Amino acid sequence: MAVILDGKKMAQTVKQRLQQMIKQQGFTPKLGIILVGDDAASLIYVKNKQKAASEVGIETQLYHFDDQASSETLENLIQTLNADSDVHGILIQLPLPKSFNAAKILSEIDPQKDVDGFHPYNIGLLQYGAQTGLQPATPKGIMKLIKSTGLDLSGKNALVIGRSNIVGKPMAMMLLGADCTVTMAHSKTTDLKALCQNADIIVSATGCAKLIKQDWVKSGAVVIDVGMNRDEQGKLCGVVDFEGVCQKAGFITPVPGGVGPMTIAMLLDNVVEAYLKQHQI
Ligand code: GUN
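Residues numbered from 1 in each chain as written. Predicted model: local features only at pLDDT ≥ 70, side-chain atom pairs only at ≥ 80, totals over all residues. Heavy atoms only, no water.

Trainee: Please clarify how the sheet that holds strand S3 (residues 59-65) should be interpreted in this entry.
Mentor: Strand pairing within a sheet occurs via backbone hydrogen bonds; the two strands may be parallel or antiparallel. If you walk across this open sheet you meet the 3 strands as S3-S2-S4, and the pairing is parallel. The sheet terminates laterally at S3 and strand S4 (89-92), the two strands that pair on one side only. In this sheet, neighbouring strand axes are inclined to one another by 15 degrees on average, regardless of whether the strands run parallel or antiparallel. In this sheet, S3 lies alongside strand S2 (residues 30-36) in parallel orientation, the contact comprising 7 bridges. (Pairing = 2+ DSSP bridges. Helix = DSSP H or I, 4+ residues; strand = E, 2+ residues; numbered from the N terminus. Axes fitted to C-alpha atoms, helices over the stretch in contact; angles between N-to-C directions.)

So this is what it looks like as structure tokens:
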């Protein structure tokens, strides 16, 4: 049976460390959150981020616009937050409604306050292999989960399923930085099963419920599930068929309680990192 990588517990440890640091040093990091529209999932994510931030002592301010808001309104707000030295992090909840040019808007954020790591400057630093930039929370949390296995990652075959800017692409860069041999699969990939069977590490970030079955997975593999789906019974499940795959994998993340809590913890970690850098601590 696979060892379960408990993201909830690891996130709790990270949050306790942040909370203690903030308390001991007596500072208050502040995060501005921009939300446009009423996407149900985004509303829940934002609420969870605010709750977690408040638990560790990070102040949040939510700017919620309806989907008729103009790009200019968002850009003006970003300029104001960039210039406000009391604001240390700026997050734009994605996806933005289709009428917005998300790439352009994200690139208006001061890279030092870009706690999602989505600004081209921070993407570039990650691609260079520099450790100095702010890095996207989901793959950053996944690297922590993978490293917690204690395995030597050098030369391991890592398969990343999904090529999003939020997870797949930065994930591949981080695994490459850890000396893995990285393959990226996506919706046009042929024979995903064979790629999975060859992988020592699988990070699956697609929208397909229970796609990855037991016979797709190498014995002892590390299987990371970034899925958030519902099964036939309406129960929350991932991309991985957990019951089957945990019989064969070496390590596996559950859904819920795996990657999700780590994403939020790493966002908070980034807000504190941004604060410390802005104060040259
Ligand atoms: N939407 C889905 N994941 C994310 C994320 O990590 N950050 C932001 N800002 N929006 C998201």
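Trainee: Which parts of the structure should I look at to understand the site of the ligand?
Mentor: Around the ligand sit Lys49, Leu91, Ile92, Gln93, Leu94, Asp116, Phe118 and Ile166, and those are all the residues in its vicinity. Gln93 is positioned such that a nitrogen or oxygen atom in its side chain is 3.4 Å from a nitrogen atom of the ligand. Asp116 places a side-chain nitrogen or oxygen 2.6 Å from a nitrogen atom of the ligand. Here the residues of the shell around the ligand sort into 5 nonpolar, 1 polar and 2 charged. (Near = heavy atom within 4 Å. Polar contact = N/O pair within 3.5 Å; in protein donor to acceptor, adjacent residues only side chain to side chain. Nonpolar A, V, L, I, M, F, W, Y, C, P; charged D, E, K, R; others polar.)

Trainee: Help me understand the pairing of strand S6 (residues 181-185), please; the structure alone is not making it clear to me.
Mentor: Both faces of the sheet carry side chains from a regular strand, because those side chains alternate between them. Bridging between strand S5 (residues 157-161) and S6 involves 5 bridges; their strand directions are parallel. Directly across from Leu159, in S6, lies its bridge partner Thr183. As for the winding sense of the linkage, the β-α-β connection from S5 through helix H7 (residues 168-177) to S6 is right-handed. (Right-handed = clockwise from strand over helix to strand, strands pointing away.)

Trainee: It is not clear to me how the packing of aromatic side chains should be interpreted in this structure. Could you clarify?
Mentor: The geometry of an aromatic ring pair is captured by two quantities: the separation of the ring centres and the angle between the planes. Within this structure, the stated rule accounts for 1 aromatic pair. Centroid distance Phe27 to Tyr275: 4.3 Å. Interplanar angle 10 degrees. Geometry classified as stacked. Residue Phe27 is located in the loop between helix H1 (7-25) and S2, and its partner Tyr275 is located in helix H10 (residues 259-278); the two are separated by 248 residues in the primary sequence. By relative accessible area, which is 7% here, Phe27 ends up buried. (Phe/Tyr/Trp six-rings, centres within 6.5 Å; stacked < 30°, edge-to-face > 60°. Buried < 20%, exposed > 50% of the residue type's maximum accessible area, 1.4 Å probe, protein only.)

Trainee: Explain helix H3 (residues 71-83) here, please?
Mentor: Along an α-helix, residues three or four apart share an orientation, since each turn contains 3.6 residues. Between its terminal C-alpha atoms H3 stretches 18 Å, which fits the 18 Å expected from 13 residues at 1.5 Å a residue. Among the residues of H3, Leu74, Glu75, Leu77, Ile78, Leu81 and Asn82 are the ones counted as buried. Along the axis of H3, the buried residues cluster in a sector spanning 160 degrees; they form a single face. Summarising the geometry of H3, the exposed residues directed more than 90 degrees from the buried face are Glu72, Thr80 and Ala83. Residues of H3 that are buried make contact with S2, S3, S4 and helix H4 (102-106). (Expected span 1.5 Å × (residues − 1). Arc of directions from axis to C-beta. Contact = heavy atoms within 4.5 Å.)

Trainee: Quick question: what am I supposed to make of a negative patch on the surface here?
Mentor: Taken together, Asp38, Asp39, Asp66 and Asp67 make up a surface patch of like negative charges. Note on placement: Asp66 falls in the loop between S3 and H3. (Patch = residues over 30% accessible without salt bridge, like charges linked within 9 Å, V, L, I, M, F, W, Y side chains within 5 Å. Areas by Shrake-Rupley, 256 points an atom, 1.4 Å probe, with all protein chains shown as cover. Salt bridge = Lys/Arg side-chain N within 4 Å of Asp/Glu carboxyl O. Lys, Arg positive; Asp, Glu negative; His and termini not counted. Charge placed at Lys NZ, Arg CZ, Asp CG, Glu CD.)

Trainee: Looking at this structure, I do not really get the pattern of salt bridges. What am I missing?
Mentor: Oppositely charged side chains can pair when the atoms bearing their charge come close. Evaluation of the coordinates by the stated rule reveals 12 salt bridges. Two residues, Asp269 and Lys140, come together in a salt bridge whose shortest N-O distance is 3.0 Å. One end of the pair, Asp269, is in helix H10; the other, Lys140, is in helix H6 (residues 137-147), and 129 residues separate them in sequence. When its relative accessible area of 15% is taken as the criterion, Lys140 is described as buried. The closest approach of N and O atoms between Glu273 and Lys140, which form a salt bridge, is 3.3 Å. One end of the pair, Glu273, is in helix H10; the other, Lys140, is in helix H6, with 133 residues separating them in the sequence. Taking relative accessible area as the criterion, Glu273 reaches 21% and is therefore assigned partly exposed. Taken together, the salt bridges that share partners define one network made up of Arg17, Lys140, Asp269, Glu273 and Lys277.

Trainee: Just to check I follow, could you spell out the pairing of S4 for this structure?
Mentor: Residues Gly89 and Leu91 point to one face of S4 and Ile90 and Ile92 to the other, with burial holding for every one of them. Here S2 runs beside S4; their pairing, made up of 4 bridges, is parallel. Residue pairing for S4: Ile33 is matched across the bridge by Leu91.

Trainee: Before we go on, may I ask you to explain the nonpolar core in this structure?
Mentor: Burial of nonpolar side chains together is a common tendency in soluble globular proteins. Ile58, Ile146, Leu175 and Val203 are the most contacted members of the largest nonpolar core, which has 51 residues in total. A per-element tally of this core places H10 first, with 12 residues. For Leu175, the residues in contact, after removing those within four places along its chain, are Met143, Ile146, Ala158, Val160, Cys180, Val182 and Val203. One finds Leu159, Ile161, Val245 and Cys246 within the second-largest nonpolar core, a separate group that totals 19 residues. (Core = buried A, V, L, I, M, F, W, Y, C linked by side-chain atoms within 4.5 Å.)

Trainee: What is the right way to read the environment of Lys9 from this model?
Mentor: Its location among the elements puts Lys9 in helix H1. Separated by 248 residues in the primary sequence, Lys9 and Gly257 have C-alpha atoms spaced 8.4 Å apart.

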